[in-house]
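So you can see what is in the structure, the chains are spelled out below.
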Amino acid sequence: MISFIGYISKNVVVGNNTTLNVQLGPGSNALTEVVVVGYGTQKRSDVTGAISSISGADLAQVPASPNVIDQLKGRIAGLDITSNSTTPGATGQIRLRGERSFASTQGNADSQNQPLFVIDGVPFIGGSFNDINQDDIASIDVLKDASATAIYGSRASGGVIIITTKRGKAGRTQVTYSANYGTSKITTEYPFMNGTQYAALKEQSIVGNPSQTTAYPFTSAELAGLANGTSTDWQKFLYRRGFITDNQLSISGGDEKTQFAISGGYHYEKGIQYTQNFDRGSLRANLDHTISKTFKVGLSSFQSLEHTNGVSGLLYNAASLSPLTSAYNADGSVNLLPMVGSVDATKVNPLTLQNNQYIQALNRRIYSNNLIYGEANIFDGFKYHLNASLAYGQNQGNNYSPVGTIQNTNTSNAATSESVSNSENYTWLLENIITYDKTFNQKHHITFTGLYSTEKDHSQNTGISGLGLPADYLQSYNLFYANSVSVSNSQFGYSERGLISYMARAFYGFNDKYLLTATVRRDGSSVLAAGHQYLTYPAFALGWNIAHEDFMKKLTFVNNLKLRAGYGTTADQNVAPYTILGNLSSNAYNFGTSGQNGYLVTNLPNPNLKFEHTNNIDLGLDFGVLNNRITGTVDVYSQRTYDVLQSEALPASNGAQVTTVNAGSSKGKGLEIALSSVNIKGTNGGFNWTTNFNIAFNRNAITALHDNLQQDISNGWFVGQPFNVIYDYKKIGIWQQNEAVLAASYGSRPGQIKIQDVNNDGKIDANDRQILGTYQPQFTSGLTNTFSFKGVDLSFVAFARMGQKVAVTGITADATGSAYPFFNQGRVNQINVNYWTPTNPTNDYPQPDASSSSVVNGSTLQYRDGSFIKMRSINLGYTIPTKYIKGAFSSLRIYATCNNPFIVYSPLVKSGLGIDPEGNGYGNQLAGASGFSANALGRAITVGLANPPARTYSIGVNARF
C-alpha cells in the first residue's frame with residue numbers, strides 16, 4: 001500500500017522488483033485529511049473556519065533557513081512576513097490579515113498584532129522562533145478567522161499558527177539523517193561613490209555653498225590618492241564568505257502500545273560580516289504510550305541552546321570613509337586612522353574588525369519546553385485529556401567594545417564599554433479537556449469539546465554596565481575591574497501575569513452536508529482592572545458541502561464544493577502587568593543644601609482598563625475540480641476592533657506623562673485566494689508539474705481615536721487611514737535655474753528640493769503636509785512550482801509584496817544625526833546619487849552644499865516604492881533508485897539549493913538607490929515636517945544601511961535507514 005495525504009492510495013505488487021515507480025493521483029480523500037483546529041482535529045471536509053495548512057515537506061523546499069518563519073514567507077495566503085534585520089538568527093515581523101491594534105510603540109504593536117503560536121497543542125509563550133528546529137515539524141495549520149481562533153481566546157486576535165511536530169508510528173523503527181552544507185556571500189555591495197565620484201562631490205559641495213567655501217577640504221592623503229588613482233572600497237573589509245550547515249538525526253517507531261520519536265539537530269551560520277554568527281543545538285522527544293483501553297499517557301519535550309554574536313551598525317563607520325585614502329600604509333601595515341588631517345581624524349579603519357578577538361555582542365539562550373499528558377476514555381466517544389506544561393527560557397548577554405576599533409574609535413582603555421545582562425522567563429499551564437465525539441445513524445456527527453485552563457507567566461531581568469578596563473582579555477567577564485560601574489532602571493525588571501480560561505465548542509454535521517460549529521470562551525486576566533478582568537466571546541460557523549448534494553452528481557468534474565460562513569469575537573489583553581496600578585520613576589529634586597532622590601508618577605493608573613476586542617466575519621469557498629487536479633479556497637472577511645489598548649500622552653499639567661486606556665477603533669477587510677494545480681501528471685515516474693499560488697489583499701484603517709480626535713499627529717494616527725502612514729511634504733522636483741524668482745518667493749534657490757504648495761497660498765508650511773503613502777502593501781503573494789521526472793525534482797519558490805512605500809534611510813540627512821549624517825555635504829562618502837548641478841539639471845537629488853549638515857526638506861527623498869517580487873529558493877534534487885542503495889538505505893535523496901538567488905522586480909533596486917527592497921531595521925528615518933514622535937517613526941520597518949542580504953548555495957542529503 002502506497003499512500004500520501006491528499007492522494008489516492010494504491011496497492012502495488014512488489015514481486016522481484018528492486019525499483020518501484022508509483023504515481024499517486026489526487027483524489028477525493030483529500031477531504032479526509034486531518035486538520036488541527038485547536039484542542040482537537042477535524043477532517044478537512046468538516047472544517048467550517050478559515051484554515052490554511054502546509055506540510056513539513058513543503059517547508060523543506062526552502063532548506064538552510066535559520067527558522068520556520070523564514071520558510072513561511074509567501075507560503076500562506078494572508079500571512080505577511082516582513083524582514084526586519086539581516087543579521088544571523090533574525091526572525092522578521094509577522095502579521096496575519098493585517099493589523100488590528102494601533103499601538104504607539106513597535107514592541108507593543110508586535111505584542112498586540114502578532115499571531116499566537118501553538119506547538120503540539122500548547123501555546124508557545126515566552127519562546128523565540130529560533131528555539132524551534134524546523135526539521136522537527138510535521139505540519140503547520142494557520143487559523144485565520146474568529147470562528148476558528150476564538151477557541152484560544154484573548155491571545156488569538158492576531159490569528160493562530162499551530163505547529164505539529166513529528167511523532168512515532170507503530171511499525172519498523174525509522175532512522176533518518178538530514179544534512180546540508182553551504183556557503184553564503186553578500187548579494188551585492190551598496191552603490192557608494194568611487195574615488196573620482198567622491199572628489200567630484202566635494203568640489204560640487206563648494207559650488208553649492210553660497211559662500212563658495214568648505215570646512216571639509218581634501219587632506220594631503222586624499223590629494224595624493226586623487227593623483228595616483230586611489231579608490232578604496234571600504235565596505236569589502238567588513239564582509240567575508242559565510243558558511244551555513246544543518247544536521248538532523250531522528251529515530252522513530254514503536255509498537256501498538258508505545259510510539260516514540262527522538263531527534264537531535266544542529267544549525268550553524270557564520271555570518272557574512274565579521275563578528276556575526278548564530279548556532280543552535282536542539283533535542284526533541286515525543287512519546288505516546290497506551291496503558292490500557294482506558295488510559296493513555298505521553299510527553300513532548302524539546303530543548304535548545306543558542307549562541308548569537310551580533311555586532312551591528314558598522315557600515316556607516318566604514319563606508320563613509322574617503323575612498324581617496326588607502327587601507328594600508330606604504331610598508332603594508334594597517335592605516336589605522338585614514339582620515340588624519342580632517343575633522344573626522346579619529347575614524348578607524350574597518351580592518352580592525354577582522355583581527356580583534358575581543359569584540360563581543362553575545363547572547364546565550366537556553367530554552368526548555370515540556371509537556372506531559374494523560375488521557376482517559378471514560379466511555380464510548382467520551383474522553384478526558386489533561387495537559388501539564390512547563391516552559392523555561394534564560395538569556396545571558398555579554399557585550400564588550402574595545403578601543404581603537406571601528407566599533408569604538410577612542411584610544412584610551414578608560415573608554416572601553418562593557419555590560420552583562422541576564423533574563424529568565426517561565427510559563428506553567430494546566431489544561432483540562434473533555435471531548436465527546438459520536439456519529440448516530442451514520443448521519444448525525446456530534447463533537448463537543450470543553451476546556452478549563454490556568455496559566456502563569458513569569459519574567460525578570462537584570463543588567464550592569466561598566467566603563468574602562470585595564471586589559472581587553474577581561475572583556476565583559478569581570479566588571480569588578482571596570483573604572484566605573486552603573487545600573488539603570490531599564491536594566492531591571494520583574495513581572496508576573498495569570499490567565500484563567502473556560503471554553504466550550506460544539507460541532508454538528510448532518511450527512512456530511514450541513515455543518516455547524518459554535519464556540520464560547522471566557523478569559524480572566526490578572527493584568528486588567530477589577531470588574532473588567534473577565535470577558536466572554538462567542539463564535540459561530542456554518543458549512544455546506546454542496547458537492548455531496550444529489551443535484552451535483554451529474555457534474556462529475558466537481559469533486560469538492562463547500563461554502564463556509566463564520567462570525568466571532570476575539571480579544572486582546574496584551575498590556576504590561578501592573579499597568580492598572582500606574583508606574584513610578586526615580587527623580588532628583590532640590591531639598592536643603594543638597595539634592596535628594598524622590599519618585600515621580602510617570603504612568604497614571606487606570607481603574608477601568610479592560611479587554612480590547614475584535615468582531616470578525618468570514619465567507620469562504622473551498623473547491624476541487626477535474627479529479628482534484630485544481631483545488632483552492634477563496635475567503636473574504638471583515639473585522640472591526642473596539643476599545644483598542646494604547647498609551648495616551650497626558651498634558652504636562654496632569655503631573656504624569658502617559659496613561660494606558662481603551663480608546664479608539666479600527667476596521668479591516670480583505671480577500672484571500674489560494675490555488676493548487678496538477679498541471680501535468682505523468683505515469684510510471686513520468687514528468688509531473690504542480691503549482692501552488694496564493695494572493696491576499698488586506699486593508700486596515702483607523703475608524704476612531706481617543707477623545708474623538710480626527711488625527712493624533714504625534715502618534716502618526718489619522719482616522720480613515722492605515723496605522724502606519726507617511727505624512728510629510730511632497731517633493732515634486734528640483735528648482736531649476738529658470739525658476740529662480742519663483743524659488744526665491746518660497747525661500748529656496750535653484751538646486752534645492754521643490755515642495756508642492758498644496759493650498760497654493762505662496763508659502764510652504766504645516767498646511768502643505770499630506771499623506772504620501774503607507775507601509776501596508778496593496779497585496780502579498782506567493783508562487784511555488786514543483787517539477788519531477790524519473791527521480792529528479794526541481795522546485796521554485798517565489799514571493800511578493802506590492803504597493804507599499806518604504807523609508808530608505810541611507811540617502812538623506814538632517815541635523816539630528818538620523819538617517820545618513822552629512823549626506824550631500826562633501827564631508828563623507830555616500831550612495832552615488834544623481835545630484836543637481838548647473839550642468840546637470842536633474843529633478844532627482846538637490847545640489848551638494850558644504851555649508852549644511854542637513855538637506856533642506858531632505859525627508860522627502862527617503863520615501864520610495866518598496867514593491868518587489870523575489871525568487872526565494874531554487875531546489876534541485878535526485879532520489880537514488882532503490883536498487884543502487886539496497887542494504888544500506890531505504891531511501892536516499894541528494895539536492896542542491898540556492899536561497900535568495902535573485903530579485904525579479906524592484907523599482908528601488910532598479911533606481912540604483914538600494915540593493916534590496918526588504919526591510920532590515922526599525923526607525924532611523926527623518927521626521928521631516930510630519931511632527932511624528934520617535935515612537936511613531938520607530939514603528940515602521942525601514943531599509944537602512946545594514947548588512948547586505950546573503951545569497952546561499954548549499955548541497956544536502958536526506959537519508960533514511
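Residues numbered from 1 in each chain as written. Predicted model: local features only at pLDDT ≥ 70, side-chain atom pairs only at ≥ 80, totals over all residues. Heavy atoms only, no water.

Undergrad: Help me get a handle on the overall build of the chain, residues and values and all.
TA: Scanning the chain for helices and strands turns up 11 helices and 46 strands. The C-alpha atoms of the chain give a radius of gyration of 30 Å, which matches the 30 Å a tight globule of 961 residues would have. Along the first, second and third principal axes, the C-alpha set of the chain runs to 95 × 70 × 65 Å. Put simply, the chain has 961 residues, and 52% of those count as buried. Restricting the contact set of the chain to residue pairs at least 6 apart, pairs at least 24 apart contribute 70%. Total accessible area on the chain stands at roughly 40200 Å², and carbon and sulfur atoms take up 56% of it. (Helix = DSSP H or I, 4+ residues; strand = E, 2+ residues; numbered from the N terminus. Rg over C-alpha atoms; globule rule 2.2 N^0.38 Å. Buried < 20%, exposed > 50% of the residue type's maximum accessible area, 1.4 Å probe, protein only. Contact = heavy atoms within 4.5 Å. Areas by Shrake-Rupley, 256 points an atom, 1.4 Å probe, with all protein chains shown as cover.)

Undergrad: Tell me what's going on with the pairing of strand S27 (residues 630–642), and back it up with residues and numbers.
TA: By the bridge criterion, 13 bridges tie strand S26 (residues 612–625) to S27 in an arrangement that is antiparallel. Of the residues in S27, the one forming a bridge with Asn-616 is Gln-639. The hairpin turn running from S26 into S27, its antiparallel successor, is four residues long, and Leu-626 in that turn takes a positive phi close to 55°. Both S27 and strand S30 (residues 665–680) contribute to a ladder of 12 bridges, which runs antiparallel. (Pairing = 2+ DSSP bridges.)

Undergrad: Go over the sheet that holds strand S25 (residues 594–604) with me, naming the residues and quoting the values.
TA: Adjacent strands of a sheet pair through backbone hydrogen bonds, lying either parallel or antiparallel. The mixed open sheet is built from four strands, whose spatial order is S24-S25-S29-S28. Taken across any chain shown, the strands that pair with only one partner, and hence form the sheet edges, are strand S24 (583–591) and strand S28 (645–649). Strand-to-strand twist in this sheet, taken as the mean axis angle between neighbours without regard to direction, amounts to 25°. Pairing between S28 and strand S29 (residues 658–662): five bridges, direction antiparallel. Counterpart to Ala-649 in the pairing with S29 is Val-658. (Axes fitted to C-alpha atoms, helices over the stretch in contact; angles between N-to-C directions.)

Undergrad: Let's hear about a nonpolar patch on the surface: which residues, and what values?
TA: On the surface, a nonpolar cluster with roughly 400 Å² of combined accessible area is contributed by Phe-440, Ile-446, Tyr-508, Leu-516 and Leu-542. For Ile-446, the position within the fold is in strand S18 (residues 444–467). (Patch = residues over 30% accessible without salt bridge, like charges linked within 9 Å, V, L, I, M, F, W, Y side chains within 5 Å. Salt bridge = Lys/Arg side-chain N within 4 Å of Asp/Glu carboxyl O.)

Undergrad: So what's going on with helix H3 (residues 106–113)? Which residues, and what values?
TA: Residues of H3 that are buried: Ala-109, Asp-110, Gln-112 and Asn-113. For H3, the secondary structure elements touched by its buried residues are strand S5 (93–96), strand S23 (558–572), S26, S28 and strand S44 (921–922).

Undergrad: Explain the nonpolar core residue by residue, including any values.
TA: The biggest cluster of nonpolar side chains holds 45 residues, and the ones touching the most others in it are Leu-238 and Tyr-845. Elements supplying a minimum of two residues to this core: helix H5 (195–207), helix H7 (315–319) and strand S36 (753–755). If one sorts the elements of this core by residue count, H7 sits on top with four residues. Excluding its chain neighbours within four sequence positions, the residues that come into contact with Tyr-845 are Ile-734, Ile-811, Phe-823, Val-833, Asn-834, Tyr-835, Trp-836, Leu-861, Arg-864 and Leu-913. Within the second largest apolar cluster, 23 residues are counted, among which are Ile-69, Leu-72, Ile-119 and Ile-137. (Core = buried A, V, L, I, M, F, W, Y, C linked by side-chain atoms within 4.5 Å.)

Undergrad: Account for the confidence of the model for the chain, naming residues and giving values.
TA: When pLDDT is averaged along the chain, the result is 92; 97% of the residues meet or exceed 70. Across residues 23–28, confidence stays below pLDDT 50; counting only partners more than four residues off in sequence or on other chains, it has 28 contacts. (pLDDT = per-residue confidence, 0-100.)

Undergrad: Tell me about unusual backbone geometry, and please be specific about residues and values.
TA: Residue Tyr-39 is not a glycine yet carries a positive backbone phi of 55°. Mapped onto the elements of the fold, Tyr-39 is located in the loop between strand S1 (34–36) and strand S2 (41–43). You will see that Gln-212, though not glycine, has its phi angle at about 60°, which is positive. Turning to its location among the elements, Gln-212 is positioned in the loop between H5 and helix H6 (220–228).

Undergrad: Give me the packing of aromatic side chains: which residues, what numbers.
TA: Evaluated as defined, the whole model comprises 28 aromatic pairs. Ring centres of Phe-243 and Tyr-268 lie 6.3 Å apart, and the angle between their planes is 45°; on these two criteria the pair is classed as tilted. Residue Phe-243 is located in strand S11 (residues 242–254), and its partner Tyr-268 is located in strand S12 (residues 258–270); the two are separated by 25 residues in the primary sequence. Taking relative accessible area as the criterion, Tyr-268 reaches 22% and is therefore assigned partly exposed. Consider the rings of Phe-889 and Phe-961, whose centres lie 5.1 Å apart with planes at 40°: the pair is tilted. Taken together, the positions of Phe-889 in the loop between helix H9 (882–885) and strand S43 (891–905) and Phe-961 in the segment after strand S46 (950–960) put the pair 72 residues apart, joining distant regions of the chain. (Phe/Tyr/Trp six-rings, centres within 6.5 Å; stacked < 30°, edge-to-face > 60°.)

Undergrad: Before we move on, can you summarise the sheet that holds strand S6 (residues 116–119) with the specific residues and values?
TA: Taken in spatial order, the five strands make up an open sheet running S3-S8-S9-S6-S7, and their pairing is mixed. Two strands bound the open sheet, and with one partner strand each, they are strand S3 (51–55) and strand S7 (122–123). Note that S3 and strand S8 (residues 137–143) share five bridges and pair antiparallel. When the bridges of S8 are listed, Ile-51 appears paired with Leu-143.

Undergrad: Let's hear about a positive patch on the surface: which residues, and what values?
TA: A grouping of Arg-640, Lys-667, Lys-669 and Arg-699 is seen on the molecular surface, where their side chains present a positively charged patch. Considering the arrangement of structural elements, one finds Lys-667 in strand S30. (Lys, Arg positive; Asp, Glu negative; His and termini not counted. Charge placed at Lys NZ, Arg CZ, Asp CG, Glu CD.)

Undergrad: For the UniProt feature "domain: TonB-dependent receptor-like beta-barrel" (unreviewed entry) in the chain, give the residues involved together with the corresponding values.
TA: Per the UniProt annotation, the sites labelled "domain: TonB-dependent receptor-like beta-barrel" (unreviewed entry) are residues 354–726. Measuring from the first to the last C-alpha atom of residues 354–726 gives 39 Å, for a span that is 0% helix and 65% strand. (UniProt positions renumbered as here; feature names shortened; annotations may be inferred.)

Undergrad: I'd like a rundown of the side chain of Asn-180, residues and numbers included.
TA: One can find Asn-180 in strand S10 (residues 171–186). With relative accessibility at 5%, the residue Asn-180 sits in the buried group. Excluding residues within four positions of it along the chain, Asn-180 makes contact with Pro-63, Ala-64, Ile-244, Thr-245, Asp-246, Tyr-895, Ile-955 and Gly-956.

Undergrad: Can you tell me about the pairing of strand S13 (residues 276–290), naming the residues and giving the values?
TA: As judged from the 13 bridges shared by S12 and S13, these two strands associate in the antiparallel manner. If you follow Phe-260 over to S13, its bridge partner there is Leu-287. Hairpin connection from S12 to S13: five residues lie between these consecutive antiparallel strands, with Thr-275 at a positive phi of about 80°. By the bridge criterion, 15 bridges tie S13 to strand S14 (residues 295–310) in an arrangement that is antiparallel. If you follow Gln-276 over to S14, its bridge partner there is Gly-310. Counting the residues in the hairpin turn of S13 and S14 gives four residues.

Undergrad: Can you explain the pattern of salt bridges? Please cite residues and give values.
TA: The tally for this structure, following the rule as stated, stands at 32 salt bridges. Across the pair Arg-155 and Glu-455 runs a salt bridge, and its minimum N-O distance is 2.5 Å. Of the two residues, Arg-155 is situated in the loop between helix H4 (146–149) and strand S9 (160–165) and Glu-455 in strand S18; the sequence distance between them amounts to 300 residues. Lys-553 is the partner of Asp-550 in a salt bridge, and the nearest nitrogen-oxygen pair spans 3.4 Å. Using a relative accessible area of 61% as the deciding quantity, one classes Lys-553 as exposed. Residues joined by salt bridges that share partners form a network here, namely Arg-97, Lys-144, Lys-562, Arg-564, Asp-618, Asp-622, Asp-635 and Glu-672.

Undergrad: Any chance you could break down the environment of Gln-396 for me, citing the residues and the numbers?
TA: Turning to its location among the elements, Gln-396 is positioned in strand S16 (residues 382–401). For Gln-396, a relative accessible area of 28% gives the class partly exposed. Along the sequence, Gln-396 and Asn-363 sit 33 residues apart, while their C-alpha atoms lie 5.6 Å from each other. Ignoring anything within four residues of it in the chain, the contact list for Gln-396 reads Leu-362, Asn-363, Arg-364, Ser-421 and Asn-422. Polar contacts involving the side chain of Gln-396 include one to the side chain of Asn-398, which spans 3.1 Å. (Polar contact = N/O pair within 3.5 Å; in protein donor to acceptor, adjacent residues only side chain to side chain.)

Undergrad: Account for the side chain of Asp-288, with residues named and values stated.
TA: Relative to the helices and strands, Asp-288 resides in strand S13. Here the side chain of Asp-288 touches Tyr-373 through a polar contact of 2.5 Å, side chain to side chain. Asp-288 has contacts with Arg-167, Lys-257, Thr-258, Gln-259, Lys-296, Val-297, Gly-298 and Tyr-373, leaving out every residue within four places of it along the chain.

Undergrad: Help me get a handle on the environment of Gly-225, residues and values and all.
TA: Relative to the elements of secondary structure, Gly-225 occurs in helix H6. A relative accessible area of 3% means that Gly-225 is categorised as buried. Remark: the alpha-carbon pair of Gly-225 and Asn-688, spanning 463 residues in sequence, is separated by 60 Å.

Undergrad: Would you mind going over the environment of Ile-125 in detail, with residue names and values included?
TA: Looking at the element boundaries, Ile-125 is found in the loop between S7 and S8. Sequence spacing of Ile-125 and Ser-342 is 217 residues, and the spatial spacing of their C-alpha atoms is 52 Å.

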